[in-house]
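Listed here are the chains, written in short residue letters.
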Amino acid sequence: MIAGGLARQWYVACRSAHLRQRPLARTVMGVPLTLFRTSAGPAALLDRCPHRNVPLSMGRCSDDLLECRYHGWTFNGSGDCVRIPGLDGSTVPGGRTGVESFAALEDRGWIWVCPTAGPAPPRPAVTWPTGDGYSQVYRSMVFEATVQAALENTLDVPHTAFVHRGLFRGGGRAPMAIDVTVRHLDGGVEAVFEGESRPAGAIGRMLARREAVVEHADRFLLPSIAQVEYRLDRQHVVITSCFTPISNARTALHAVASFHTTMPAAVVRALVTPLAEVVLRQDARILQAQSRNVERFGGPRPTNTRIDVLAGPIGRLRRQMDRGEPASGDGEQRLVLYT
Amino acid sequence: MIAGGLARQWYVACRSAHLRQRPLARTVMGVPLTLFRTSAGPAALLDRCPHRNVPLSMGRCSDDLLECRYHGWTFNGSGDCVRIPGLDGSTVPGGRTGVESFAALEDRGWIWVCPTAGPAPPRPAVTWPTGDGYSQVYRSMVFEATVQAALENTLDVPHTAFVHRGLFRGGGRAPMAIDVTVRHLDGGVEAVFEGESRPAGAIGRMLARREAVVEHADRFLLPSIAQVEYRLDRQHVVITSCFTPISNARTALHAVASFHTTMPAAVVRALVTPLAEVVLRQDARILQAQSRNVERFGGPRPTNTRIDVLAGPIGRLRRQMDRGEPASGDGEQRLVLYT
Amino acid sequence: MIAGGLARQWYVACRSAHLRQRPLARTVMGVPLTLFRTSAGPAALLDRCPHRNVPLSMGRCSDDLLECRYHGWTFNGSGDCVRIPGLDGSTVPGGRTGVESFAALEDRGWIWVCPTAGPAPPRPAVTWPTGDGYSQVYRSMVFEATVQAALENTLDVPHTAFVHRGLFRGGGRAPMAIDVTVRHLDGGVEAVFEGESRPAGAIGRMLARREAVVEHADRFLLPSIAQVEYRLDRQHVVITSCFTPISNARTALHAVASFHTTMPAAVVRALVTPLAEVVLRQDARILQAQSRNVERFGGPRPTNTRIDVLAGPIGRLRRQMDRGEPASGDGEQRLVLYT
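Quantities reported herein were computed from a predicted structural model and do not represent experimental measurements. (Residues numbered from 1 in each chain as written. Chains lettered and ligands numbered in written order. Predicted model: local features only at pLDDT ≥ 70, side-chain atom pairs only at ≥ 80, totals over all residues. Heavy atoms only, no water.)

S.K.: How would you explain the overall build of chain A if you had to name every residue and give the values?
M.R.: Each helix and strand in chain A was counted, giving five helices and 19 strands. Against the globule reference of 20 Å for 339 residues, chain A gives a C-alpha radius of gyration of 22 Å, in line with a compact fold. Projected onto its principal axes, the C-alpha positions of chain A cover 80 × 45 × 35 Å. Taking all 339 residues of chain A together, 55% fall into the buried category. (Helix = DSSP H or I, 4+ residues; strand = E, 2+ residues; numbered from the N terminus. Rg over C-alpha atoms; globule rule 2.2 N^0.38 Å. Buried < 20%, exposed > 50% of the residue type's maximum accessible area, 1.4 Å probe, protein only.)

S.K.: Give a detailed account of helix H5 (residues 311–323) of chain A, specifying residues and quantitative values.
M.R.: Residue and element names in this part refer to chain A. Given a rise of 1.5 Å per residue, 13 residues ought to cover 18 Å, and the 19 Å separating the end C-alpha atoms of H5 matches this to within 8%. By the burial criterion, the buried members of H5 are Ala 311, Pro 313, Ile 314, Gly 315, Leu 317, Arg 318, Gln 320 and Met 321. Elements that come into contact with the buried residues of H5 comprise helix H1 (147–154), strand E14 (188–194) and strand E15 (214–221). Just beyond H5, the residue with positive phi is Gly 324, at close to 75°. (Expected span 1.5 Å × (residues − 1). Contact = heavy atoms within 4.5 Å.)

S.K.: Could you give an account of the packing of helix H1 (residues 147–154) of chain C against helix H3 (residues 265–296) of chain C, with specific residues and numbers?
M.R.: Residue and element names in this part refer to chain C. Across the interface, H1 lies against H3 with an axial gap of 11 Å and an inter-helix angle of 140°. It follows that H1 is oblique to H3 by the angle criterion. In the crossing of H1 with H3, the sense of the turn from one axis to the other is right-handed. Residues Ala 149, Ala 150 and Asn 153 of H1 lie in contact with H3, whose contacting residues are Asp 283, Ile 286, Leu 287 and Gln 290. Across the contact of H1 with H3, the residue classes tally to four nonpolar, two polar and one charged. (Axes fitted to C-alpha atoms, helices over the stretch in contact; angles between N-to-C directions. Parallel < 35°, antiparallel > 145°, perpendicular 65-115°, else oblique. Left-handed = near helix turned anticlockwise from the far one by under 90°. Nonpolar A, V, L, I, M, F, W, Y, C, P; charged D, E, K, R; others polar.)

S.K.: Tell me what's going on with the sheet that holds strand E19 (residues 333–338) of chain A, and back it up with residues and numbers.
M.R.: Backbone-to-backbone hydrogen bonds pair the strands of a sheet. The strands run either parallel or antiparallel. Residue and element names in this part refer to chain A. Overall, antiparallel pairing links the eight strands, which are arranged E12-E18-E17-E16-E15-E14-E13-E19 in an open sheet. Two strands close off the open sheet at either side, each with one partner strand: strand E12 (135–143) and E19. Across the sheet, the mean angle from the axis of one strand to that of its neighbour is 20°, orientation sign disregarded. Of the pairings in the sheet, the one linking strand E13 (residues 177–185) to E19 comprises six bridges and is antiparallel in character. Within E19, the position partnered with Ile 178 by the bridge is Leu 337. (Pairing = 2+ DSSP bridges.)

S.K.: Now, about the packing of H1 of chain C against helix H4 (residues 311–323) of chain C: what can you tell me, with residues and values included?
M.R.: All names here are of chain C. For the pair H1 and H4, interaxial distance at closest approach is 10 Å and the crossing angle is 145°. Here the hand of the crossing between H1 and H4 comes out right-handed. Listed contacts from H4 to Val 147, Gln 148, Leu 151 and Glu 152 of H1 are Ala 311, Ile 314, Gly 315 and Arg 318.

S.K.: Please set out the relation of the copies chain A and chain C residue by residue, giving values where relevant.
M.R.: Taken as rigid bodies, chain A and chain C are interconverted by a rotation of 120° and an axial shift of 0.0 Å, the fit giving an RMSD of 0.0 Å. On this basis, the relationship between the two copies can be described by a three-fold rotation axis. Across chain A, the rotation axis passes nearest the C-alpha of Glu 295 of chain A, at a separation of 13 Å. (Least-squares fit on C-alpha atoms with pLDDT ≥ 70 in both.)

S.K.: Tell me about the packing of aromatic side chains, residues and numbers included.
M.R.: Residues and elements named next belong to chain B. Using the criterion set out here, one finds eleven aromatic pairs over all chains in the structure. With centroids separated by 5.5 Å and ring planes inclined at 85°, the aromatic side chains of Trp 110 and Tyr 138 adopt a geometry described as edge-to-face. A residue pair is termed long-range when its members are at least 10 positions apart, and Trp 110 in strand E11 (residues 110–113) and Tyr 138 in strand E12 (residues 135–143) qualify at 28 residues. With a relative accessible area of 23%, Tyr 138 lands in the partly exposed category. (Phe/Tyr/Trp six-rings, centres within 6.5 Å; stacked < 30°, edge-to-face > 60°.)

S.K.: Provide a residue-level description of the confidence of the model for chain A, including the pertinent values.
M.R.: Within chain A, residue pLDDT values average 91, and 93% of them lie at 70 or more. Across the predicted assembly, pTM comes out at 0.92 and ipTM at 0.92. (pLDDT = per-residue confidence, 0-100.)

S.K.: So what's going on with the environment of Val 278 of chain C? Which residues, and what values?
M.R.: Its location among the elements puts Val 278 of chain C in helix H3. With 135 residues separating them along the chain, Val 278 of chain C and Phe 143 of chain C place their C-alpha atoms 14 Å apart.

Laid out in structure tokens, this is it:
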């Protein structure tokens, strides 16, 4: 796994609602972790009891403590061993009985962890609209793909006409020219699309009048967040996709869609949720096929054209962060995309 | 995989009848290919889109072209990229957008490919009787075995009494001496068996009178074809088995049985087809067991006796072809086999 | 696999009752074997026909001989090839047609083998009571675990309160101090537990009065045998667990419980058998989790405390046997365990 600056960042480990009384096992950048709750907040420990090496995530929690399933060794949220059953209770040998702990926090519906020991990084900065009239839908999924491939997929316009044919774009009409502007952000990069008419396909027809003008921006935010924003008619949708590398070949997606629409939120939710499910499965299938083919051919060998607007900057910004270099930008770029 | 002269040969990739409107994925000697039809004949491209590396075999065909499932990059039968949706249609960047193509042809019921780029080899020379009164039955199957093990199995007489006990030979009677003559052919080797009486077992009883005299020849033809020919009474059967290496451990069989019998073809077909199925499954099972045991023991370590008449020549002829050396023969050999 | 002195020992390959007319395949210390019966006793051959390398265990036995499934090569219990069908029966080429044979014997309900060729070791010395009033129950199982981990599990008292909560110990009462004495045996080590009251939980309640005093000893015997002995009230139970390394990561357990109780044997059998099944499955599950976690973390990194009384001696005695060194002991040790 990548082991430089990218490993000293916050990643979403799971939804808040999924971490309850029982510990959870989650792997982040190749580091197997067990997550559990304490009164001081979520805790993340290395998922291996130092005694006989079984996963601590098989154990049980009570009183802010996690007890190993095999011999009952018991740990607090900092990874200190506070009880070894069978030994005189007052005596806990030092040092080698503790387990490594990792920074963890709960924020906006998710449990975040940093998979490198040491001081915690600054709180995650990504935001989305949560004010009056906005509703949120959360969704998590695992892709058999690298983070880079998953980010490119999420922030790519042309694939929607093929992978999601009939849902977004690709209704058979003549291609339409769209102006694209690529701008660097602080810790990211953004592509703004202008001149796009209402998307063809089911989702577009549901959300807007035929003559509606679309405002559309795709953003990449370090370390591995994709944000897609649409305004059309009086609708506003921001989809924030936080990708968590599990291993080099598997990536978890934790996404939240925040929307403000003229239709009641419950109606949008009921209509969009099953469509979003279809879209995510179509993406998961193509990413898996890509991943297996890359493995079969012994490595990726992509070809970029000028319309793969964010693929290059995503790779460069992530490599720079991993090496501890400052983020570099190319200045504003303009191009035309046909869709 | 073997990568010398053996890779510059024609191999059967699939049956003609199985390649229709949708592209097919087939791997030949470790090379993943996508096959599709054009008006100029079958086409075989490397099964990886140069853009994002997904398998082209997931795509769809129309107008002699193959369109990638992910972003719609479109290729002709020579592997040239002729359309990149999203880019101005008139502009296709050179060079790196194309995909490697391989020689392919359609012949006598099969699609053949050569898994090495470059000039196509001479057309496949193997023949079988197709004239008046002859009928053909085709069958394809995948074995978990090396090509060498599959060829030896197909051209081996003694195993029939054990693996196929009761179907061909091995009916409990006393062993019978058969004269075997081994002769070199142009690009192959042949064993002719004389003095064999009607095979015991169901298939024999079905085809001939008890006192019928059998004429039987087993042939190996480069690169990896096995041909078994029987004449008994007024029946004539030629089974041609073309083996295609998928990987070192998997081999596809594409077989055609051509027969001329006193019984109506439909009757023979109805009787022989299920029996052939049983025979092929018995062989597949023993080859899989052999293959797994060889892997478990870290490699093959065969022992040959003088009755393994074709095993040695098959290996030697294939190694000579792979190294580009002329085929050498041992002159005619005679021996006695008990069966 | 370990390949020194530990490989020149007897290991249980299977139950006597399971080796009947058909050959059995069993792997011991990475050596694939086929077992079959002859009138001179059980035979163990390397599970690979020298001809085409298929497993001999697919074959069939008759008249003290084993016949290969593929071409019928036939072997006696010493591994000599005595028949090659197809060759003139009187002629069997020397040397390379035979297969390696291994020492095998049948003793007290089990077939034992030594996975190293050469002179057989002295007969297995382990014993258990079989006299008047004693009954035996046999059980075999495969664990995904190393022999060391399986031995530690079987001879470990503290885990019973957690892995088998409610069945043996761990009924919620205050911990009780038990005196433990660790003594070296000839070719082993023993821990004797004194002051233990009747175990809490179902099995304890079934077997003894509340005020019963428990005599309890745990023994390790080279090369890989664990023996647990309980006396309480007038009950006497000796559980002998013979572990057979299949590979580094898999271990077979062949256990016999010998018991003398005040209740009728049939009643004890009916009550204890399903409970033992539950206990073994709980142990199998935790051992599998340990094994997979150790693999995921790239190797074991255990921490021992003074109450892991037998873990250290087991490892040391086994390493000494493997290197051919004499067994060393530490003299008698005393400690207190809370349970």
